[in-house]
Number of protein chains: 4
Amino acid sequence: MIVTIEHAAGFEPIEQVLRCCDEYEASLNLTRDKRYTRIRITVDQAYSELFVRLKSIVGVAKVETTGKPYPLAAREAKSAASVINVRGIEIGGSDLVVMAGPCSVESREQILATAHAVRAAGARILRGGAYKPRTSPYDFRGLGEEGLQLLAEAREATGLAIVTEVMSIADLELGAYYADIIQIGARNMQNFSLLHACGSINRPILLKRGPSATIEEWLLAAEYILAAGNEQVILCERGIRTYEPFTRNTFDVSAIASIKHLSHLPIIGDPSHGVGKAELVPQMARAAIAAGADGLIIEVHPNPAQAWSDGQQSLTFEHFEQLMNDLAPIANALGRQLNPNVQALVVS
Amino acid sequence: MIVTIEHAAGFEPIEQVLRCCDEYEASLNLTRDKRYTRIRITVDQAYSELFVRLKSIVGVAKVETTGKPYPLAAREAKSAASVINVRGIEIGGSDLVVMAGPCSVESREQILATAHAVRAAGARILRGGAYKPRTSPYDFRGLGEEGLQLLAEAREATGLAIVTEVMSIADLELGAYYADIIQIGARNMQNFSLLHACGSINRPILLKRGPSATIEEWLLAAEYILAAGNEQVILCERGIRTYEPFTRNTFDVSAIASIKHLSHLPIIGDPSHGVGKAELVPQMARAAIAAGADGLIIEVHPNPAQAWSDGQQSLTFEHFEQLMNDLAPIANALGRQLNPNVQALVVS
Amino acid sequence: MIVTIEHAAGFEPIEQVLRCCDEYEASLNLTRDKRYTRIRITVDQAYSELFVRLKSIVGVAKVETTGKPYPLAAREAKSAASVINVRGIEIGGSDLVVMAGPCSVESREQILATAHAVRAAGARILRGGAYKPRTSPYDFRGLGEEGLQLLAEAREATGLAIVTEVMSIADLELGAYYADIIQIGARNMQNFSLLHACGSINRPILLKRGPSATIEEWLLAAEYILAAGNEQVILCERGIRTYEPFTRNTFDVSAIASIKHLSHLPIIGDPSHGVGKAELVPQMARAAIAAGADGLIIEVHPNPAQAWSDGQQSLTFEHFEQLMNDLAPIANALGRQLNPNVQALVVS
Amino acid sequence: MIVTIEHAAGFEPIEQVLRCCDEYEASLNLTRDKRYTRIRITVDQAYSELFVRLKSIVGVAKVETTGKPYPLAAREAKSAASVINVRGIEIGGSDLVVMAGPCSVESREQILATAHAVRAAGARILRGGAYKPRTSPYDFRGLGEEGLQLLAEAREATGLAIVTEVMSIADLELGAYYADIIQIGARNMQNFSLLHACGSINRPILLKRGPSATIEEWLLAAEYILAAGNEQVILCERGIRTYEPFTRNTFDVSAIASIKHLSHLPIIGDPSHGVGKAELVPQMARAAIAAGADGLIIEVHPNPAQAWSDGQQSLTFEHFEQLMNDLAPIANALGRQLNPNVQALVVS
């Protein structure tokens, strides 16, 4: 990275940069003219930590890394793609990971039945909402902590890891206590206080793209979490808002390919929200994988017609199993595996 | 409003509804068949309070009011438009109210100079950001409480009321301590936890439209605040995200006219964010007023080229004065007044 | 403007440029280096004609004018705003011009009644569709030449000028025979063959913005007509396609202000298509004028509920009269006149 | 389909409907009450021809088929998906068909080299523009008839079929003389005169989706061609206009899946225009196929950096070959074949 210091800032910031570099065993090269001092730094460890430290030195005009505004999230920040490990499941590696489950946790029967069904079909992570962001204040907003407890119970019963959404800083600790992955929903993608707080949570964050966020804004939202200290960010494309009324959103499959070019972070696709129609979910799941997604998150419900939320886009157990069967050969054609060792997933 | 109770729910909820109605001196009419009991209620006071009470009774299947999903925000909820009083300034009445000031509070000199200038030109409320939502984690995020203190100092010096943005529940109390109006920014329009918390704050809320929110979603966000107990909501159109690159956003002037048809809440226009180009702000300010806005919020800076944020869309003192002079005759042509009694605004 | 010729092109193009400049009495300054010859030209007449001539010389690499990609439509191409004269009515001058009438010409009674009513209320130009672009092939597509004849009859009876849409090159001649202004509809804004053909028609062209055209694309569409030889282009903002479902389109009022900054061409607003709801048309008509529009085009029908097309957005005679009465004081507040000399409009 | 005739229309239209049905050997059932006569018709042949005939009978109030506004394009109009045969190549069958070639025909060398290269890699149809729709009137607009002749020459040399765009009715006959498939470009998707004229051309029409067309509007545009008598329509998704700036358009992969649900017409994907970046084309080509596309159209150029148009999104020969190799196993995983019998394509 390159640090720029204006002449008027004096020697103090220069000294601090040098000390910092020593601390991280970084090598450097310094040039100085009448207006600027520029220090080019190479470091083999803790790149992002050093970046944030240098940024914070008073008198440092700018710290440039990749030319991209999101230095920590950018492809160039790492030599290889990030792989995030959740209870032994690798997200971003060569295996595709499928998360599945209902929109909302509704009851013990519902969540346990769904957990068993999706695990049998090859899913490795269970989704389920305990805190639901609802457009109307009068809609069902989730079971709260009771929902979290039911998710934890389903994990015990099946060995599936748990992903669930948290909507406020106040609920973050509780969410992290029960769940393995914390989801930040689309509407909170630019809730910067919440993003910042996610930086100090010891859980991977599943960061959904905002309904009208550009790819750059999305990566900058990820950058908030990375810069605050949490390197475990998984991106999730879930459709953007366009003029088209036939689909609930426009599932931006090209964003998946774009992220793979721009960032080292893993990305999964959410075709359920992406199109909002169960009958189109299988084709869009395939398309997401074909475009390079590292996994999927799919809404599955024992009885979609009776779901308390998002029934129209939820698959039945049967349709989910069919989808998984159809995906496997496509994954293979792409040189990836879909859930190769289900047997190894026995409850420990 | 109409309360529906399913037969299976028994007599308990019916009794509670009747008691509630007695408490509010509401008159009612009850019909009952094999499946449902329906109670039609007329009340002359505290309509929204009663609505929320009835909603919360266990066993009540639904409470319908206007046919619109936002019963409290809907035009039909009140016999007249809402007028919100802030330190003697009426927003939503026949006078137009102009809020003006810098994007960010940067220093004592900057905010005081701006406060005096915008007051002299006819503004009645001072805007200024102490907590700034920034797309990048590396941008200036505001002076925090120091900024709030400077705003309060500017109020003392000029008599202007203060509006400022709050981004998290944690800062809400502090914001309400210093400011007269709390702004919820566009990116937080669906931060439902924050909206809910605004319901218990004794300050009017300036609720900006989300960058890709529909008019209905916006009114539902207002409904969150109303349903949580705060009836003082002012809406603010600030441009929506479209494909057009020439303007920063597309300032949806028709949303102003639409809100006037759909809701009793006051609405103001923010042409500065709406178009993002200072040279177009005057025409768009006029257009907002012509479409029925109850006021404006305008970014003004002593030296826009040096502003720490949003310089491109900020007016100089001179251009702001020119804008106010040009607006006055248009206000009159519409049967409204722009700041008729500046003299009465002397510091008390 | 600046002409650039590559060295490899030899002397032939240079000589031709010089001859061309002589012909137009243009003064020039030539610089030449190892790679390029650059000729800076100043001309007092027929700027656009000369521009197109120079462009067409073989060996000329480029002709730059304003730095904008639409040199003829750009503000800088002319010292003053263009004023287009239609049967004595000036569009783009200080008077505002209102065009009004039904979406489709349906019958003699309908068009004559409407013509008399809108003329009495202050409109100066009658609109009416004889060829209708319809999304479905099964919808009413207009009366064709019979419709044009009825429009001409209405002109005889009222003295109003006529504007009507033409959808294909084949109908252009007939349209120009009957009508005073030819409208190119939104869906044909990038029908480049049709635009080119409009260049050789001796009638002003009312060029509507395409439903998802950027401002730059719109001005480039105007440039097609200007470059093909017709300098009489009037732009018309009619709403763009966004995600918002409440209004038929999003009426981009800021495009009106933007065009006034970018181009010398007159622009009018079409609030009827812009919002698609009659109840919002009056406010949006005011907003368009306040943003700087040179006029309006409004749909008016004797009985909107019975209209063969666009009934939802058409005003009754009474509402149109009311709108015109409300607009007059706003026009005055902006230093413009709305129809000052109706009396002078008696049939000649 | 169901024909409705109002009572007031008398017996004449009823008689004509019955005669029509006899002519097409259709069976029918008639019901009649005081207001309407309704005739339910079943026919085994020429469904669309009969539909249009019945529509045109004076006195027939409506002819309903599927409940969809595009009865001829709707899934329900046919018992199986349409397969369109172009010089022995089946589009819409189990084989995937790839069309490839440069944006514009630039020279004999360019088009011949490209034709040989794409044929060797497995493409079966050659694309190339002779008439180019250009946003600016000053850009290269294609070689015209010379371009068509070069395409025909390339067909002779390679056996590839030819697809090329036509922009106006005037050029339609010439286009059909030289090319095997006529492309209607995105900007002309609602050029209804041109669509109607395509109805009488004996060539398949490749109908691109307009840049902001809904799926329904697109199918209605197809309906124009079908209703005018040409049943050979191939749809092509090429990206829609959204707020996202990273990609040229947003390639709406879900539209491919949607069309497969709504219509019997074949659909191909154009990832080159869909994303506008060569480096994303391979992933998006895969995604289109995975979502159910019947084929692809890909821009390929001998030297993209020197292309006269669309260089940024064109693949080199080498990258195109790579893409085709990568697609084959995905096609197989989906139960389809990508160009299984190249050897059979020898020039006849």
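Since the structure is predicted, the reported quantities are computational estimates derived from the model, not experimental observations.

The next point concerns the overall build of chain A. Helix and strand content of chain A: eleven helices and 15 strands. Its C-alpha atoms give chain A a radius of gyration of 22 Å, within 12% of the compact-globule value 20 Å for 348 residues. For chain A, with 348 residues in total, the buried portion stands at 61%. When contacts within chain A are restricted to residue pairs at least 6 apart in sequence, those whose partners lie at least 24 apart make up 67%. As displayed, chain A offers around 12900 Å² of accessible surface, 46% of which is attributable to carbon and sulfur atoms. For chain A, the centre of its 32 positive side-chain charges and the centre of its 39 negative side-chain charges are spaced 4 Å apart.

Residues and elements named next belong to chain B. Spatially, four strands are ordered β2-β3-β1-β4 in an open sheet, and the strand pairing comes out antiparallel. The open sheet has two free edges, formed respectively by β2 (27-32) and β4 (60-64), since each of these has just one partner strand. Along the sheet, successive strands turn relative to each other by an average axial angle of 15 degrees, direction set aside. Two strands pair when backbone bridges link them, and β2 and strand β3 (residues 36-42) are joined in this way by six bridges, in the antiparallel orientation.

We now examine the pattern of salt bridges. All names here are of chain B. Across all of its chains, the model carries 62 salt bridges over all chains by this definition. Taking the shortest distance from any N to any O, the salt bridge between Lys260 and Asp294 comes out at 2.6 Å. Remark: Asp294 occurs in the loop between α10 (281-290) and β14 (295-299) and Lys260 occurs in helix α8 (residues 253-262); sequence separation between them is 34 residues. Judged by relative accessible area, Lys260 falls into the partly exposed class, the value being 23%.

As a further point, take empty space enclosed by the protein. What the rule picks out here adds up to three cavities of 30 Å³ or more. Its boundaries defined by the atoms lining it, the largest cavity holds a volume of some 130 Å³. Surrounding the largest cavity, 13 residues form its lining, Arg241 and Thr242 of chain A, Thr242 of chain B together with Thr242 and Tyr243 of chain D being those nearest its centre. For the lining of the largest cavity, the per-class residue count stands at four nonpolar, five polar and four charged. Approximately 40 Å³ is the volume attributed to the second largest cavity. Here the lining of the second largest cavity takes three residues from strand β9 (residues 161-165) of chain C, the largest share from any one element. Of the residues assigned to the lining of the second largest cavity, the class counts are two nonpolar, four polar and three charged.

Turning our attention to the UniProt feature "domain: DAHP synthetase I/KDSA" (unreviewed entry) in chain A. The positions that UniProt labels "domain: DAHP synthetase I/KDSA" (unreviewed entry) are, in the present scheme, residues 88-327 of chain A. A distance of 22 Å separates the end C-alpha atoms of residues 88-327 of chain A, which is 39% helix and 16% strand.

Residue and element names in this part refer to chain C. Along strand β10 (residues 181-184), one buried face is formed by Ile181 and Gln183 and the opposite face, lined by Ile182 and Ile184, is buried too. Pairing geometry for β9 and β10, over three bridges, is parallel. The residue bridging Glu165 from the neighbouring strand is Gln183, located in β10. Sheet analysis places β10 next to strand β11 (residues 205-208), joined by three bridges and oriented parallel. Residue Gln183 lies in a different strand from β11, and its bridge partner there is Leu206.

So, about the sheet that holds strand β3 (residues 36-42) of chain A. All names here are of chain A. Taken together, four strands build an open sheet; the order of strands is β2-β3-β1-β4 and the sheet is antiparallel. Single-partner strands in this sheet number two, and they are β2 (27-32) and β4 (60-64). Averaged over all neighbouring strand pairs, the angle between strand axes comes to 15 degrees, with direction disregarded. Each of β1 (2-6), β2, β3 and β4 is contacted by helix α1 (residues 12-23), which is oriented at about 5 degrees to β3, the strand it contacts most.

About the cut-offs
- Residues numbered from 1 in each chain as written.
- Chains lettered and ligands numbered in written order.
- Predicted model: local features only at pLDDT ≥ 70, side-chain atom pairs only at ≥ 80, totals over all residues.
- Heavy atoms only, no water.
- Helix = DSSP H or I, 4+ residues; strand = E, 2+ residues; numbered from the N terminus.
- Rg over C-alpha atoms; globule rule 2.2 N^0.38 Å.
- Buried < 20%, exposed > 50% of the residue type's maximum accessible area, 1.4 Å probe, protein only.
- Contact = heavy atoms within 4.5 Å.
- Areas by Shrake-Rupley, 256 points an atom, 1.4 Å probe, with all protein chains shown as cover.
- Lys, Arg positive; Asp, Glu negative; His and termini not counted.
- Charge placed at Lys NZ, Arg CZ, Asp CG, Glu CD.
- Pairing = 2+ DSSP bridges.
- Axes fitted to C-alpha atoms, helices over the stretch in contact; angles between N-to-C directions.
- Salt bridge = Lys/Arg side-chain N within 4 Å of Asp/Glu carboxyl O.
- 1 Å grid on protein atoms, 1.4 Å probe; cavity = no way out; pocket = protein on both sides within 12 Å on 5 of 7 lines; lining within 4 Å.
- Points joined across faces, edges and corners; volume = space filled by probe spheres on them.
- Nonpolar A, V, L, I, M, F, W, Y, C, P; charged D, E, K, R; others polar.
- UniProt positions renumbered as here; feature names shortened; annotations may be inferred.

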